[in-house]
Protein chains: 2
Amino acid sequence: MRRPLVGAALLAASALSAAAQTAPPAPAQAGVSGPLVLEKQGSFFVGGRNVKSETLSTLPAYAPSGTIAVEQMYVRYQVPVAPQRRPVTLIHGCCLTGKTWETTPDGRMGWDEYFVRKGHPTYVIDQVSRGRSSADPSLVNSVKLGQTPPDKTPPIYAAGQEAAWAIFRFGTEYPKVHDGMRFPLAAKEEFFKQMVVDWIATLPTPNPTVKALSELSKQLDGTVLISHSQSGIYPFQTAALDTKGIAGIVSIEPGTCPSATGDLKPYLGIPIMVLWGDYVETSSRWAPRLKACREFAEALGKAGGRIDHVVLPDIGIKGNSHMLMQDDNSLALADLVIAWIEKNVGTKKN
Amino acid sequence: MRRPLVGAALLAASALSAAAQTAPPAPAQAGVSGPLVLEKQGSFFVGGRNVKSETLSTLPAYAPSGTIAVEQMYVRYQVPVAPQRRPVTLIHGCCLTGKTWETTPDGRMGWDEYFVRKGHPTYVIDQVSRGRSSADPSLVNSVKLGQTPPDKTPPIYAAGQEAAWAIFRFGTEYPKVHDGMRFPLAAKEEFFKQMVVDWIATLPTPNPTVKALSELSKQLDGTVLISHSQSGIYPFQTAALDTKGIAGIVSIEPGTCPSATGDLKPYLGIPIMVLWGDYVETSSRWAPRLKACREFAEALGKAGGRIDHVVLPDIGIKGNSHMLMQDDNSLALADLVIAWIEKNVGTKKN
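Residues numbered from 1 in each chain as written. Chains lettered and ligands numbered in written order. Predicted model: local features only at pLDDT ≥ 70, side-chain atom pairs only at ≥ 80, totals over all residues. Heavy atoms only, no water.

1. Section: the pairing of strand S7 (residues 272-276) of chain B
All names here are of chain B. Burial analysis of S7 places five of its five residues in the buried class, the great majority of the element. Where burial is concerned, the two faces of S7 agree: the one with Ile272, Val274 and Trp276 and the one with Met273 and Leu275 are both buried. Relative to S7, strand S6 (residues 246-252) is paired through four bridges, and the arrangement is parallel. When the sheet's bridge partners are listed, serine 251 is paired in S7 with valine 274. In terms of strand pairing, S7 meets strand S8 (residues 307-311) through five bridges, oriented parallel. Of the residues in S8, the one forming a bridge with isoleucine 272 is isoleucine 307. Each parallel crossover has a hand, and the one from S7 via helix H8 (residues 287-302) to S8 is right-handed. (Buried < 20%, exposed > 50% of the residue type's maximum accessible area, 1.4 Å probe, protein only. Helix = DSSP H or I, 4+ residues; strand = E, 2+ residues; numbered from the N terminus. Pairing = 2+ DSSP bridges. Right-handed = clockwise from strand over helix to strand, strands pointing away.)

2. Observations regarding the relation of the copies chain A and chain B
For the pair chain A and chain B, the superposition axis carries a translation of 0.0 Å, the fit reaches an RMSD of 0.0 Å, and the rotation angle comes to 180 degrees. When the rotation and shift are considered jointly, the pair of chain copies conforms to a two-fold rotation axis. Comparing contact sets, 100% of the residues at the interface of chain A also lie at the interface in chain B, consistent with an isologous, same-surface contact. (Least-squares fit on C-alpha atoms with pLDDT ≥ 70 in both. Contact = heavy atoms within 4.5 Å.)

3. Some points on the pattern of salt bridges
All names here are of chain A. Across all of its chains, the model carries 32 salt bridges over all chains by this definition. For arginine 49, the salt bridge goes to glutamate 71, with nearest N and O atoms at 3.1 Å. Taken together, the residues span a long stretch of sequence, with arginine 49 in strand S1 (residues 36-53) and glutamate 71 in strand S2 (residues 66-80) at a distance of 22 residues. Looking at glutamate 71, the relative accessible area reads 17%, which means it is buried. Where lysine 193 meets glutamate 190, a salt bridge forms, and the shortest distance between an N and an O atom there is 3.0 Å. (Salt bridge = Lys/Arg side-chain N within 4 Å of Asp/Glu carboxyl O.)

4. Focus: the interface of chain A and chain B
Counting residues at the interface gives 74 residues for chain A, matched by 74 residues for chain B. Buried surface at the junction of chain A and chain B, summed over both partners, amounts to about 5,900 Å²; 52% is from carbon and sulfur atoms. A per-residue breakdown of the area chain A buries against chain B is headed by Tyr62, Arg132 and Lys193 of chain A, which together make up 13% of the total. Applying the counting rule to chain A against chain B returns eight salt bridges. A salt bridge links glutamate 102 of chain B to arginine 76 of chain A; the nearest nitrogen and oxygen atoms lie 3.4 Å apart. Counting every contact that joins chain A to chain B gives 43 residue pairs in polar contact (both at pLDDT 80 or more). When contributions to the side of chain A that touches chain B are tallied by element, the ones reaching two or more residues are S1, S2, helix H2 (111-117), strand S4 (122-126), helix H3 (138-144), helix H4 (161-167) and helix H5 (188-192) of chain A. (Buried area = accessible area lost by both parts, 1.4 Å probe. Polar contact = N/O pair within 3.5 Å; in protein donor to acceptor, adjacent residues only side chain to side chain.)

5. Let's talk about the state of the cysteines
For the coordinates displayed, the defined rule picks out four disulfides over all chains. One disulfide bridge connects cysteine 94 of chain A with cysteine 95 of chain A, the sulfur atoms lying 2.0 Å from each other. The pair cysteine 94 of chain A / cysteine 95 of chain A is uniform in exposure class, with both members buried. Disulfide pairing is shown between cysteine 257 of chain B and cysteine 293 of chain B; the S-S distance is 2.2 Å. Residues cysteine 257 of chain B and cysteine 293 of chain B are joined by a disulfide whose S-S torsion is about 100 degrees; by sign, that bridge is right-handed. A residue pair is termed long-range when its members are at least 10 positions apart, and cysteine 257 of chain B in the loop between S6 and S7 and cysteine 293 of chain B in helix H8 qualify at 36 residues. The exposure class of cysteine 257 of chain B is buried, given its relative accessible area of 10%. What makes cysteine 293 of chain B buried here is its relative accessible area of 1%. Among the cysteines of chain A that take part in disulfides, numbered as they appear in the sequence, the pairing is 1-2, 3-4. (Disulfide = S-S within 2.5 Å.)

Now the structure itself:
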């Protein structure tokens, strides 16, 4: 894997094949059934800072003036007994929370538990300003009080189900369904309940989640950052801040990859996998992103980086949506990622 | 416990003493150390409905028009192997999320795990419109677009740390500390990171969380609803909707109890514990609430209800804050609740 990348799909297929051969033998359903045994679990916050505000509230019961914490990132973790494998950090995408990685909409095991059962200490985050990681309502209240013009209201948003349908590539447009679709659409209502109000456009640049991921990586002293979609770029941005603590990167269907013509140095020492589902080439939203990531992968390979750019249909796996960690073959895809980690990142610390 | 309540504190003390005698023997630290073994875990949503909106977004990347799910309630659960005890449902209070019950700010085990270790299937929720249970940003965007007057901006808020200090009874006012305070104030910054933007004042009445709790109770077919603070009234409101599936109620420091002169019938068949920490009588915010709950407990006892109204200092336990599930004796208090459930609710279904 230290040779430069020649043909992404070909290399990926051979690398994955090799990985599959070297991975520990796994009987059918092993790790999925039977009790789950944890050495420990818990939750905590990373990052965050205190800010003062005069518009925390417009309700009589709560004072308008005071201090709140902002930019903290919620992390929930589970550690298997005597873990033999790397810690992984699961980072959700747009308009969603860490729920992305938990029980699927149709009730199957999520990647969060599966990675633990396969020996990985597993850390699931809520991005700053979503889920259990708070946002700052001060500007909204300032508008309410007439202190800020209405057009300066912060641009918080919810993604509508019809638009999300095409973004998540369930079909070309709502409610059409791609042939062979593996997403459990019979449970689509359960999936749409996962979506939350997104405050990301109100956050400073770089997104504070990136700084928090860097801090978490250092704490874990060698984690594989597994990102998705809108967070796809985060592990790369984290590496650009500081590579310390980043043992590997798996970027699933990234909204953005680093520029092929930018500074590639931060990524040279880190094993990287970029992973795509199906129906990408025919998506006006996703095809250009795939192309840009392929260019990045080729440039990084030529520069001596260690990267697998994997498009699932190219290795014979068809029907995966953008939400591939919830598709009907989600655990087989987790196995593929786990085997890649085993081969390319290994079990020891840097 | 089926006799009418005579003297709340006295009865509580004797009942708890009896409960402690009948509870299974527990060596020191039993259940806290050693691996955690789970039969299963996962997460899902309860409730929710779809609404259409024309103001989901003001950003070009996301369509303004579309459908979103609202009023769904996120639930995360863990079930121990061969559970011998009742499912419990942990319901957080104002400005917080299910994180309330997880690892304490100073890194000790939360009630979520402790109840599992003690044999209770444990369900932790995020209230509708907080944490992983989404809110609706449509009205905020309508203001931004000039379609709604600024003063109609929804009253979302964050509780400031200075005001929260007195509400959570760390001291009479920020930054004074009550003598003997058991809350881990050395980790107060970690605690304040748990607080989130609260959309509760934008929700319809009754709060959709109550309806979702009723649905969850029916699914669990006999759960003890354990609520806190602003959610203290929810189990009672849930019982007023339908007592089906509610095996018991533990209301910790409720912001409101049912009226002593109201309809008490919904509560007559359900074992109820109302639990208070220390420093309540001298708090202008909390003393009247304690008084009203005591009146409710006395009225319910006279009407034939089964209720223990427990003020911890009255049974010799001093120094507890409003956030008693995070205080330094949090697991001893969990034991007290578990013993109460064992005695008054029992292990079998209704």
